[in-house]
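Spelled out from the first residue to the last, the chains are:
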Amino acid sequence: MQFMLLFSRQGKLRLQKWYVPLSDKEKKKITRELVQTVLARKPKMCSFLEWRDLKIVYKRYASLYFCCAIEDQDNELITLEIIHRYVELLDKYFGSVCELDIIFNFEKAYFILDEFLLGGEAQETSKKNVLKAIEQADLLQEVRLGGGLFFLGFNSFH
Amino acid sequence: MPAPIRLRELIRTIRTARTQAEEREMIQKESAAIRSSFREEDNTYRCRNVAKLLYMHMLGYPAHFGQLECLKLIASQKFTDKRIGYLGAMLLLDERQDVHLLMTNCIKNDLNHSTQYVQGLALCTLGCMGSSEMCRDLAGEVEKLLKTSNSYLRKKAALCAVHVIRKVPELMEMFLPATKNLLSEKNHGVLHTSVVLLTEMCERSPDMLSHFRKLVPQLVRILKNLIMSGYSPEHDVSGISDPFLQVRILRLLRILGKGDDDSSEAMNDILAQVATNTETSKNVGNAILYETVLTIMDIKSESGLRVLAINILGRFLLNNDKNIRYVALTSLLKTVQTDHNAVQRHRSTIVDCLKDLDVSIKRRAMELSFALVNGNNIRGMMKELLYFLDSCDPEFKADCASGIFLAAEKYAPSKRWHIDTIMRVLTTAGSYVRDDCVPNLIQLITNSVEMHAYTVQRLYKALLDDISQQPFVQVSSWCIGEYGDLLVSGQCEEEDPIQVTEDEVLDVLEGLLASNLSSPVTRGYALTAVMKLSTRLSSVNRIKKVVSIYGSSIDVELQQRAVEYNALFKKYDHMRCALLERMPIMEKAAANGPTETVQTNGEAEPAGLEPKHPPTIIQPANQANDLLDLLGGNDVVPVISTAPAMKPASAGGELLDLLGGLSLSAPTPAPPIPMSQPPFLLDGLSSQPLFNDIATGIPPMTAYNKNGLKIDFTFERSNTNPNIAIITIHAANSTEAEMTNFVFQAAVPKTFQLQLLSPSSSIIPALNQGPVTQVIKVLNPQKQQLRMRIKLTYNHKGSPVQDLAEVNNFPPQSWQ
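Residues numbered from 1 in each chain as written. Chains lettered and ligands numbered in written order. Predicted model: local features only at pLDDT ≥ 70, side-chain atom pairs only at ≥ 80, totals over all residues. Heavy atoms only, no water.

(A) Structural view of the interface of chain A and chain B. Contacts between the two partners involve 69 residues from chain A, matched on the other side by 73 residues from chain B. In this assembly, chain A packs against chain B so that about 6,400 Å² is buried in total across both faces, 57% of it on carbon and sulfur atoms. Inspection of the region where chain A meets chain B yields 9 salt bridges. Put simply, Lys 156 of chain B and Glu 115 of chain A hold a salt bridge, and the shortest N to O gap is 3.2 Å. Linking chain A with chain B are 24 residue pairs in polar contact (both at pLDDT 80 or more), by the criterion used here. Take the side of chain A that touches chain B: its biggest share by element is 9 residues, from helix 5 (residues 127–140) of chain A. Of the residues belonging to the side of chain A that touches chain B, the class tally is 29 nonpolar, 16 polar and 24 charged. (Contact = heavy atoms within 4.5 Å. Buried area = accessible area lost by both parts, 1.4 Å probe. Salt bridge = Lys/Arg side-chain N within 4 Å of Asp/Glu carboxyl O. Polar contact = N/O pair within 3.5 Å; in protein donor to acceptor, adjacent residues only side chain to side chain. Helix = DSSP H or I, 4+ residues; strand = E, 2+ residues; numbered from the N terminus. Nonpolar A, V, L, I, M, F, W, Y, C, P; charged D, E, K, R; others polar.)

(B) Spatial organisation of the environment of Ile 56 of chain A. Residue and element names in this part refer to chain A. Within the secondary structure, Ile 56 is located in strand 4 (residues 54–61). Of the residues examined, Ile 56 reaches a relative accessible area of 0% and is grouped as buried. Distance in space between the C-alpha atoms of Ile 56 and Cys 67 is 6.9 Å, their sequence separation being 11 residues. (Buried < 20%, exposed > 50% of the residue type's maximum accessible area, 1.4 Å probe, protein only.)

(C) Just helix 22 (residues 394–411) of chain B, in detail. All names here are of chain B. Under the 1.5 Å per step criterion, the end-to-end length of helix 22 is 26 Å for 18 residues, consistent within 8% with the ideal 26 Å. Looking at helix 22, one finds that the buried residues are Phe 396, Lys 397, Ala 398, Cys 400, Ala 401, Ser 402, Gly 403, Ile 404, Phe 405, Ala 407 and Ala 408. Of the surrounding secondary structure, the elements contacted by the buried residues of helix 22 are helix 20 (359–372), helix 21 (378–391), helix 23 (415–429) and helix 24 (437–447). (Expected span 1.5 Å × (residues − 1).)

(D) Summary view of the pattern of salt bridges. Inspection of the entire model under this criterion finds 54 salt bridges over all chains. Glu 185 of chain B is the salt-bridge partner of Arg 154 of chain B, the closest N and O atoms lying 3.1 Å from each other. With Arg 154 of chain B in helix 9 (residues 151–167) and Glu 185 of chain B in the loop between helix 9 and helix 10 (188–204), this pair connects stretches of sequence that are 31 residues apart. As a salt-bridge pair, Glu 482 of chain B and Lys 532 of chain B come within 2.9 Å of each other at their nearest N and O atoms. Of this pair, Glu 482 of chain B sits in helix 26 (residues 470–489) while Lys 532 of chain B sits in helix 28 (residues 520–533), and the two are 50 residues apart along the sequence. Across the pair, exposure class does not vary: Glu 482 of chain B and Lys 532 of chain B are buried alike. One connected set of salt bridges, linked through shared partners, spans Glu 121 of chain A together with Arg 166, Glu 200, Arg 204 and Arg 248 of chain B.

(E) Highlighting the environment of Thr 199 of chain B. Residue and element names in this part refer to chain B. Turning to its location among the elements, Thr 199 is positioned in helix 10. Classification of Thr 199 as buried rests on a relative accessible area of 1%. With 55 residues separating them along the chain, Thr 199 and Arg 254 place their C-alpha atoms 9.8 Å apart. When sequence neighbours within four positions are dropped, the list of residues in contact with Thr 199 reads Arg 248, Leu 252 and Ile 255.

This is the structure in C-alpha cells:
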C-alpha cells in the first residue's frame, strides 16, 4: 500500500497515512485530487478505479470514506478486507465508532492503524492481538492526553 | 503562563468556527501560544502541544516548527511522550530534510529498550519512513530483532526489514540467515510478515528466488492447514481461516512457481483444492479465489487447472457484486491472448457486461469483446457491439467505432454485410468516427464494385435524414459524386431501387454546401462531388452554375476548387471526362489500421488533392517546361496517376515553387498526353527501386535537421540509367512525441526530373525509434548541379507543422 486516506463526505481529511516519501506539497496535491475524484463517484460504481499509475480502492462507511492506493500486483479484493478489518478494530476500540470518535481521538486512530499495518502491509491478522497490544500500550501511558478515560467503549471529554 | 489547553478542548473550539477566516484566526492564536510554550522548553506540556499541532497540521496548517519538538519527545523517557513524538515524526518529518537524521540515535536506543511497546514504536517508525541513511545505520538492529523469539517484535522486524531492503537493496543479503526458521513459526502475524519479506526478496533477486524455491512444500503445507483446519475464532473471517495469510502465500507461490516445472507441479494440488473448496458467497472467499486464479495463470499449471481458473473468472462475471465483475474482466483481458479458447466460452457473459452501469466495467467488456471477435462469431458479436455503440457514452464511441471497423475488415462474412455494418456505424455514431477512417471507408467502398449501387442508395437515403455527422456526410457525398449515375438510373440489385432525379441529387449536395452544419472539409467533398457528377449526369448547366457561384466563396479552399473546376469547364473541357473518370480499384498499402495515411491512398485520395489540379502535361526531357513531380504517390501505375502540378514556363535554373502559384493563366503550348508514367524513368518496372549491389561510393548527407526532425539522404546510382540517381531519405524523430501524417515533398530545377515513391510510413516514431524512408529518383540528363527544395508537413503533439527548406549540399558525385 502506498497510502491511506480517511475523509468525510465534505472532503475534510480525518486521517492520512503515507508509506512513500513525498513532500508536503505533493501530499496535499494528491489528497486534493483524489478526494475530488472519489467524491465524484456515483453509488452504483465499483470500489476500484485507476488513478495515475495506481489502483485506488475505496469504501464508504457511514460518513467516512476509506481510500487506499495500492500497487499493480496488489489484490484489490483483499484490500477491501484490510479496510474492513481496520474499521472493525476501530469499532471494537471505541464501541460503535462514528466519525466524531475519529475526529476527537485521531491520535488513537493512528495508534491502532500502526498496530495493524506497518510499512503498508498487515503485521497482525488476528483482531484480538491487535486490540490486546493497544490495550497494553494504553496502560503504559502516564498521562491521559485528552483528559478522557481509556476504558474501551467509554468516551468522556474534559 | 497558564497551562496550555487540552487537545480535545482545542478540537472542540476549532469546530465551532463558522467560517474559514474564523478557524484561521483560532489556529493562528493557538499556534502562537504553542510556539511560546516550545520556547520555554516546557517538558510537561510538550506532548499536549505537539498533539494539538498535529491536529492543526491535518487541517492543512503549517506545523514545521514542531519538528524538533517531536525529536525531543522521542528522546523523553515517558511512553506518552514517545508515542506522540513518533507519530509526529511520521507525520511532520520528511526524509529529504536532514533533521530526520537526528532521530537515528533515539531509534537505535529504543530498538533496544526494555519495553516491547517502545521497541514496537521504533520499528514502526523506521519501517514507515526510514530514509536510506537511517536504514543503513540501523539494519543491524533490525536483523537482530528478526531473530528474537518474541513474536510481537519479530513480526514488526520482518516488515521493517522489507522497508530496509526497498530503500537499500544491497542490504538484502544481511537478512538471509534470519529467514531460516521464519516459516516454522506458529504465530500468524509472524508467518504473514515473513511471507511478505520472502516475497520481497524473491522479487528482487533471482538468486534468492532459486534459494527459496525449496520452501514451496512448506508453504503448501501451511496453506493446506489453513484450509483444512476447523474453525479458529482468532483468525476467522466469514468462515475462512486467515484470508490475509492465504492470499500472501498464494502470491509467493506464484512467484516461486513461475517458469519452474517442479515447483508448479508441487503446488498444483493445493491450488485445485483452494479453487474448488473456497466459499464464494462473500468478498473474502472471492479475494482468495482471485489470487488463486492469478497464480494458476502465471505458473506452469496443467491445462485442466487453467480451464478451472478461467471458469472461476467466468463465474465471477455472473456475480452480483460489481467489484468482482470488474476484477474478472481485468483478469480475462490479461489472459485472452494466451487462453483464447477458454475465454471464448464466456463470451456471452462478457457481452452482457456491455450493458453494465459501471463505466470501468463497460470499457473492459468492450475491449474484451473486440479481442474475442473472430470469423465464427462475427455476426452475433457485431449485433451486440452495434447495439452498444448506439447506447454507450460518448467517451466510448470513437474507440468502439474504430474497433468495429477493424473487426469488420478482418472478419466480414460478405461484402454486403460489411457495407451495411459500416453504414450502421456511420449513421449511429457518425460524428464520433475518427477522421482517418473516412479515407479507409472510401477505399473499402470503391473496392466493393458490385455493391456500388446499393451503397450509394443507402447512403443517399440516410443523408436525407441527417446531415449533421461530418465523417458520415463526407463519405456519402464522395459516394454520390462517384456513383450518382447509378443512383439516378435506379440500378440497385440488393434492394428495391428508389426513384431519384438528377435535380434531387444536386439538391442534396447543394444543401450540404449551403448548410451551417457542414464543416469546410465536408463542403470540399460536396463541391468535388458536384463536379464529378458533370460527367455522370446530364444537368451540366446546373452544375456549372453551382461551381461558378462558389468561385467567389469566402472559404479559400472552396474558392480555389470552384475556380479550377470552372477552368475545367471553360478551357479544358476536353479533359474533363478523363479527369473525372470512375475511380479504379485502389491498392491497399501497408495496413496501418485506422490511421491509414493520405499518402498510401495516394492518388486516390479524394479529399480534393487530385481533381484540384489541372492535368499533367508530361514533357519529353528536351522541352522547356518540365514536369515537377511534387506529390508522392504509389508507384503502381493506375490509369489515373498522381496529379502533379503544372508549372508555367520560367527562366532557366530557378527552383520552382512547391504546390504554390498554380495559376492557370499560362497554358502550356504542348499538347496533352494521356497520363501515364514517364517512359524514361525505370520503364515498366515495379515499385521496387533498383539499387546497386555494392555501394556506389556516394557519401550520405544530412538534408534537414530542425525541431527534432532529421532527414538524411543516401545515394545510389541506377543500374539501368546512369543519369538517374536514387536517393533514399531517412526521416528520424528525436523528440518524445511521434510525428504523424508526415508528408515529404520535393521540387528540383527544371532541367531535372523527379519521381517520388511511397514512403514506408507516415508516422515517424518518437525517440529515434525507427526512421521513415522514402525513395526519390532524380533524372539529371544535363548533369547540372543538383539542388532541391523540400516541403515537410506533419502533426506533432496535436498541432500541424509545416516547413520549407533548401537542400544545396549535395555531394558532387550525386549529380555528376
